[in-house]
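Listed below, chain by chain, are the residues.
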Amino acid sequence: MTDFDFITTDRVGTDGRVARVTLNRPEKMNALSQELLYEFNDALHELETDHSIRAIIVKGAGRTFSAGYDLTPRLGGADGVVRRFQRTDDRGRALPMNNRTAMQQITDIHMYFWNMAKITIAQVHGYAIAGGCEVAMMADLVTAAEDAQFGHPGCRGLGTSRTGVIWPLVIGMRKAKELYYTGENISGVEARECGMINYAWPGEELEDRTIALADRVATMSSDQLAILKLNMNRFYENMGIYSSVRSSTDLDALGQHTEFSMQFQDHMQDEGMKGALSWRDSPYRATDTYKR
């Protein structure tokens, strides 16, 4: 396997038939920089060609799965691949269609992860929020620690979910709308109860039980599993997952030019990320009585 800067890979399970990809920016809570996402894409392509690998676990290093997209990515590297599509106005704001073109480059990675010819399992601990939740939801199966947190706070003024986190396909309409409209997080236990994920286990059991699940799935040959996956995915593709994810990406780009989003960007420019998040989230803390 290629050596990467922002991910690691290893083999687990019976005879190493399960590959494991670890998002490896623990000091940044595995924030999804363009560089990390392009390395993730490259690693998946390498693993897909290996017939001895039958399933792939994706996890995060350190204390969390992923806290979302890196909103302060460094320039250069893979980041430059996306940024070359962007043009800005005199305040440095991306223009809508250029932003949309750049975002679709990342959506291509999500959709490859969705459709690659291996069974994939996202193993979530800590946070899988915003872009981290988007990545996790594109896996075939999802396991989590009971106290893990799933959600998309980016819906609070940063556009929408780039992939729609496919919630409308995996959970009921009422809950999907609530999570969208509030940007709330839910625990691993609640995510399991509403059908967002497969299993929620105590944190200390998560890794061993996820490997056991992957090893069980990996009993059959990789080509047989690929046929079963293709058969299942076709049902969801015929219900419009491709068009819906593309549309979500378009709306995510457009959503960054709303009044609320512009106000958030102004706060971030003037006060930094911490100040902008405080401005965005403090009103929600004052109105959370409906859950009590």
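Residues numbered from 1 in each chain as written. Predicted model: local features only at pLDDT ≥ 70, side-chain atom pairs only at ≥ 80, totals over all residues. Heavy atoms only, no water.

S.K.: Which parts of the structure should I look at to understand unusual backbone geometry?
M.R.: Trans is the prevailing form of peptide bonds, just as negative phi is the prevailing case for residues other than glycine. Here aspartate 15, not a glycine, exhibits a phi torsion of approximately 55 degrees, which is positive. Relative to the helices and strands, aspartate 15 resides in the loop between strand S1 (7–12) and strand S2 (18–23). (Helix = DSSP H or I, 4+ residues; strand = E, 2+ residues; numbered from the N terminus.)

S.K.: What is the right way to read the side chain of threonine 182 from this model?
M.R.: Tracing the backbone shows threonine 182 in helix H6 (residues 173–182). In this structure the side chain of threonine 182 is engaged in a polar contact, spanning 3.2 Å, whose partner is the backbone nitrogen of glutamate 184. (Polar contact = N/O pair within 3.5 Å; in protein donor to acceptor, adjacent residues only side chain to side chain.)

S.K.: Sorry if this is basic, but what is going on with the sheet that holds S1 here?
M.R.: The pairing of strands in a sheet happens through backbone hydrogen bonds and is either parallel or antiparallel. Spatially, S1-S2-S3-S4-S6-S9 is the arrangement adopted by the 6 strands of the open sheet, whose pairing is mixed. Strands with a single pairing partner mark the edges of an open sheet, and in this sheet they are S1 and strand S9 (199–201). Going from strand to strand, the sheet's axes swing by 20 degrees on average, the running direction of each strand aside. Direction of pairing for strand S3 (residues 55–60) relative to strand S4 (residues 119–124): parallel, over a ladder of 4 bridges. Bridge assignment links alanine 55 to a residue of S4, and that residue is isoleucine 119. Sheet contacts for helix H8 (residues 206–217): S1, S2, S3, S4, strand S6 (141–145) and S9; angle to S4, the most-contacted strand, approximately 170 degrees. (Pairing = 2+ DSSP bridges. Axes fitted to C-alpha atoms, helices over the stretch in contact; angles between N-to-C directions. Contact = heavy atoms within 4.5 Å.)

S.K.: What is the right way to read the pattern of salt bridges from this model?
M.R.: When their charged atoms lie close together, side chains carrying opposite charge are able to pair. Using the criterion set out here, one finds 15 salt bridges in the structure. A salt bridge links aspartate 10 to arginine 20; its shortest N-O distance comes to 2.7 Å. Remark: arginine 20 occurs in strand S2 and aspartate 10 occurs in strand S1; sequence separation between them is 10 residues. Note on aspartate 10: relative accessible area 31%, which makes it partly exposed. Its salt-bridge partner being arginine 25, residue aspartate 70 comes within 3.0 Å of it at the nearest N-O pair. Here the residue aspartate 70 occupies a position in the loop between S3 and helix H2 (78–83), and arginine 25 occupies one in the loop between S2 and helix H1 (34–48), the gap between them amounting to 45 residues. Exposure remark for aspartate 70: the relative accessible area of 15% places this residue in the buried category. Residue classification places arginine 25 among the buried positions, given a relative accessible area of 9%. Among the charged side chains, a salt-bridge network with shared partners connects Asp10, Arg20, Lys59 and Glu207. (Salt bridge = Lys/Arg side-chain N within 4 Å of Asp/Glu carboxyl O. Buried < 20%, exposed > 50% of the residue type's maximum accessible area, 1.4 Å probe, protein only.)

S.K.: What am I meant to see in the nonpolar core here?
M.R.: In terms of nonpolar packing, the biggest core is built from 55 residues, with Val124, Met137, Phe150 and Met196 touching the most fellow members. Counting residues in each nonpolar core, the second largest holds 11 residues, with Val12, Val18, Ile121 and Ala214 among its members. (Core = buried A, V, L, I, M, F, W, Y, C linked by side-chain atoms within 4.5 Å.)

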